[in-house]
Amino acid sequence: MEFGKLAVRLFSAVELMKPAKSGLQSNEFFLIDNFETLQGNFVVQPKYDGIRCQIHKSDERVVIFSDEQREIQDRFPGVVDAASKLKGAFIIDGEIIKIEEGRPERHDQVSAYVHSKTPPDDSAFHVEAFDLIFHDGQLDGRPLAERWAMLKELLPGRDGKIKLIQTMRSAG
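Treat the numbers as computed from the prediction; the structure is a model and nothing was measured.

Q: Sorry, what's going on with the overall build of the chain here?
A: The number of helices and strands found in the chain is three helices and eight strands. Moving toward the C terminus, one meets the helices and strands of the chain in the order β-β-β-α-β-β-α-β-α-β-β. Of the contacts formed within the chain by residues at least 6 apart in sequence, a portion of 70% connects residues at least 24 apart.

Q: Before we go on, may I ask you to explain the nonpolar core in this structure?
A: Nonpolar side chains tend to gather and get buried jointly when the protein is soluble and globular. Formed by 29 residues in total, the largest nonpolar core has its most connected members in Ile55, Phe76, Ile92 and Ile162. Mapped by element, the contributors of at least two residues to this core are strand S2 (51-58), strand S3 (61-66), helix H1 (77-84), strand S4 (90-100), helix H2 (107-115), strand S6 (125-135), helix H3 (144-154) and strand S7 (162-164). Of the residues forming this core, the biggest block, five residues, is contributed by S6. Not counting chain neighbours up to four residues away, the residues in contact with Ile92 comprise Cys53, Gln54, Ile55, Leu86, Ala129, Asp131, Leu132, Leu151, Leu154, Leu155 and Ile162. In this structure, Leu16, Ile91, Ile133 and Phe134 belong to the second largest nonpolar core, which totals seven residues.

Q: Sorry, what's going on with the pairing of S2 here?
A: Consecutive side chains along a regular strand alternate between the two faces of the sheet. In terms of burial, S2 is a largely internal element, six of the eight residues being buried. Here S2 pairs with S4 via seven bridges, running antiparallel. Within S4, the position partnered with Lys57 by the bridge is Phe90. Of the pairings in the sheet, the one linking S2 to S3 comprises six bridges and is antiparallel in character. Across the sheet, residue Gln54 finds its bridge partner in S3, namely Phe65. In this antiparallel pair of consecutive strands, S2 and S3, the connection spans two residues, and Asp59 shows a positive phi of 55°.

Q: How should I be thinking about the pattern of salt bridges in this particular structure?
A: Pairs can form between side chains of opposite charge once their charged atoms are near each other. Tallying each qualifying case throughout the model produces eight salt bridges. Note that Asp81 is salt-bridged to Lys85, the shortest N-O span being 3.0 Å. The exposure class assigned to Asp81 is partly exposed, which follows from its relative accessible area of 38%. The shortest N-O distance in the salt bridge between Lys98 and Glu100 comes to 3.6 Å. The partly exposed category is assigned to Glu100, whose relative accessible area is 32%.

Q: How should unusual backbone geometry be read in this particular structure?
A: Peptide bonds are trans in most cases, and residues, glycine excluded, mostly fall at negative phi. Despite not being glycine, Asp59 shows a phi value in the positive range, around 55°. Here Asp59 lies in the loop between S2 and S3. Assessed through its relative accessible area of 64%, Asp59 is described here as exposed. Within the chain, Gln69 stands out as a residue other than glycine whose phi angle is a positive 65°. Structurally, Gln69 can be placed in the loop between S3 and H1.

Rules used in this analysis
- Starting afresh in each chain, residues are numbered from 1 along the sequence in its written order.
- In view of the model being predicted, local features appear only for residues whose pLDDT reaches at least 70, and side-chain atom pairs are presented and counted only at 80 or more, with totals across whole chains, interfaces and linings using the full set of residues.
- Heavy atoms from the whole structure form the basis of all side-chain values; hydrogens and water molecules are not counted.
- Per the convention used, a helix needs a DSSP run of H or I reaching at least four residues, while a strand needs a run of E reaching at least two, with both numbered from the N terminus.
- Here, residues are in contact when the closest pair of their heavy atoms is within 4.5 Å.
- Within this scheme, the nonpolar core is defined by two criteria: the residues are buried Ala, Val, Leu, Ile, Met, Phe, Trp, Tyr or Cys, and they are joined through side-chain atoms within 4.5 Å.
- With a 1.4 Å probe rolled over the protein chains alone, any residue whose accessible area is under 20% of its type maximum counts as buried; one over 50% counts as exposed, and the rest are partly exposed.
- At least two bridges found by DSSP between two strands are what make those strands a pair.
- Salt bridges are defined as contacts in which a side-chain nitrogen from Lys or Arg sits within 4 Å of a carboxyl oxygen from Asp or Glu.

Geometry only, nothing functional implied.
Quick look at the structure:
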């Protein structure tokens, strides 16, 4: 792959309750050295300084995987509760962030909480969801716009513990 050229890698088939390495298999990503050279239709989603995660739900079981492929659901009971109320089996790709005084906390602070032995208190945390990579079946090969529409239908909006990330679309 040449640096400076747009490169897209689609995720491959995934399996519930088995984490897919974020940024490698679970989503589309772009490498480009000059954003202004992009032409055509594209979306931009903000990156916070949290921790990349995947929320897997099958039947009534919810597992949250970190980008290190560790199970971390015991640290986020509020997120687990919110996910358990959503319909169907799914894998949501997102980012766990902590908001303090109206601003996202740094990655190292979020990571310290994940690795802490203190009793869990996830009241200041939520997940910014930016892709749906499984929903009652495989979504590999489906365009981002289609997966995004399914994610919007699945999630209740910008309220709660799992929020649909705000997305900007190009003018084309």
